[in-house]
Amino acid sequence: MKKLTLEFLYHIIGLSAASGLYYAEDKLHLIADDSTYLYHYDIPSKQLYKTAITEDYIGQENIAKADKPDLESMAFDGINYYLFGSGSGSKTNRNTLYEVHQLTNEPVSKQSLDVLYESMMAFAHLEHEDFNIEGVVFDQETWYFFNRGNGPKQQNGVFTVTGESILDNFRITYTPIKLPLIDQVQAGFTDAVLVDDSIYFIATAEDSNSTYADGEIKGSLVGKLNLKKMKVEKTKIISADQKFEGITVYKNAKKEVTFLLCTDPDNPDLPTSIYQLTIKK
């Protein structure tokens, strides 16, 4: 991962705290951790639209930290978007899965992730203060959940989930993942995306041993995970001050892959920034 370029593209005015995104047909579809909207940014026209994904919080944005659904992960199965709460903390308001139809943007379902998340914590011997799902990747019949190691144990890891239903009929394996320090602070997963037979991920070092409280940003990195060996092959620091929270594939060519990244400035008065990251294969 020696040859890569990162460049700022634009701000999305009207959206802050972006935590996940998916690119398709000149549009970015985004979630924010303090909102229950699914946002749609038309790149050519620079227009932002939004869809309420639940009747519980219609018209609500900038939801208070204690009450927000904390949507941190976005996956796509070819038909629907799946929006996952992080599961961080002990309140169940962050344990919800929203399903939205890609073509109509209509909400399909709202489901509890209590059984799945409690099973994950029990299987990996993690307490609530060390559990924080920040990235989810779907690969045919397998789901990969990325736990951000920003709790007291600083335990980054990947849950591999298979079975008939991730809600109540599943099998779990767990692999602890060692990530590097940035400026003497442990980096933790913030999102991931499938590219061919590998997963590329981003991680941020935030100077706080809490899945709940924000801390000073020390930087972000990008890495590549070998799915067969479930081991990190490469990592590289891409910023000393940005908190990258979402990654999606923009272009996948033979010799290089280009991603779009979104930032979370941890300030509701500042807009989300979109960056382009290109990596030589």
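Just so we're clear, the structure is a prediction, and the values are computed from it rather than from any experiment.

Chemist: Mind showing me how you'd approach the overall build of the chain here?
Modeler: Tallying secondary structure elements over the chain gives one helix and 21 strands in all. Here the chain, with 281 residues, has 55% of them falling under the buried criterion. Residue pairs in contact within the chain that sit at least 24 positions apart in sequence constitute 49% of those at least 6 positions apart. Accessible surface for the chain amounts to roughly 12700 Å². Of this, 46% is attributable to carbon and sulfur atoms. For the chain, the separation between the mean place of its 27 positive charges and that of its 40 negative charges on side chains is 11 Å.

Chemist: Looking at this structure, how should I read the nonpolar core?
Modeler: Across soluble globular proteins, nonpolar side chains show a tendency to be buried alongside one another. Among the nonpolar cores identified, the biggest contains 22 residues, and Phe84, Leu116, Met120, Trp143, Phe145, Phe159 and Val161 are the most heavily contacted of them. Listing elements by their share of this core, those giving two or more residues are strand E7 (80-85), helix H1 (114-124), strand E10 (133-139), strand E11 (142-147), strand E12 (157-165) and strand E13 (169-176).

Chemist: Sorry if this is basic, but what is going on with the side chain of asparagine 132 here?
Modeler: You can see asparagine 132 is positioned in the loop between H1 and E10. For asparagine 132, a relative accessible area of 1% puts it in the buried group. Among the polar contacts made by the side chain of asparagine 132, one reaches the side chain of glutamate 134 at a distance of 3.2 Å.

Chemist: Would you mind showing me how to read the environment of serine 198 here?
Modeler: As for its placement among the helices and strands, serine 198 is situated in strand E16 (residues 198-207). Placed 97 residues apart in sequence, serine 198 and histidine 101 show a C-alpha to C-alpha distance of 26 Å. Among all residues touching serine 198, those that are not within four sequence positions of it are Val193, Lys224 and Leu225.

Chemist: Sorry if this is basic, but what is going on with unusual backbone geometry here?
Modeler: Among all residues except glycine, the phi angle is most often negative; among peptide bonds, the trans geometry is most common. With phi around 60°, lysine 46 is a residue other than glycine that occupies positive phi space. Tracing the backbone shows lysine 46 in the loop between strand E4 (37-42) and strand E5 (47-52). Given the relative accessible area of 61%, lysine 46 is considered exposed. We note that aspartate 183 has phi near 50°; this positive angle belongs to a residue other than glycine.

Parameters and conventions
- Residues numbered from 1 in each chain as written.
- Predicted model: local features only at pLDDT ≥ 70, side-chain atom pairs only at ≥ 80, totals over all residues.
- Heavy atoms only, no water.
- Helix = DSSP H or I, 4+ residues; strand = E, 2+ residues; numbered from the N terminus.
- Buried < 20%, exposed > 50% of the residue type's maximum accessible area, 1.4 Å probe, protein only.
- Contact = heavy atoms within 4.5 Å.
- Areas by Shrake-Rupley, 256 points an atom, 1.4 Å probe, with all protein chains shown as cover.
- Lys, Arg positive; Asp, Glu negative; His and termini not counted.
- Charge placed at Lys NZ, Arg CZ, Asp CG, Glu CD.
- Core = buried A, V, L, I, M, F, W, Y, C linked by side-chain atoms within 4.5 Å.
- Polar contact = N/O pair within 3.5 Å; in protein donor to acceptor, adjacent residues only side chain to side chain.

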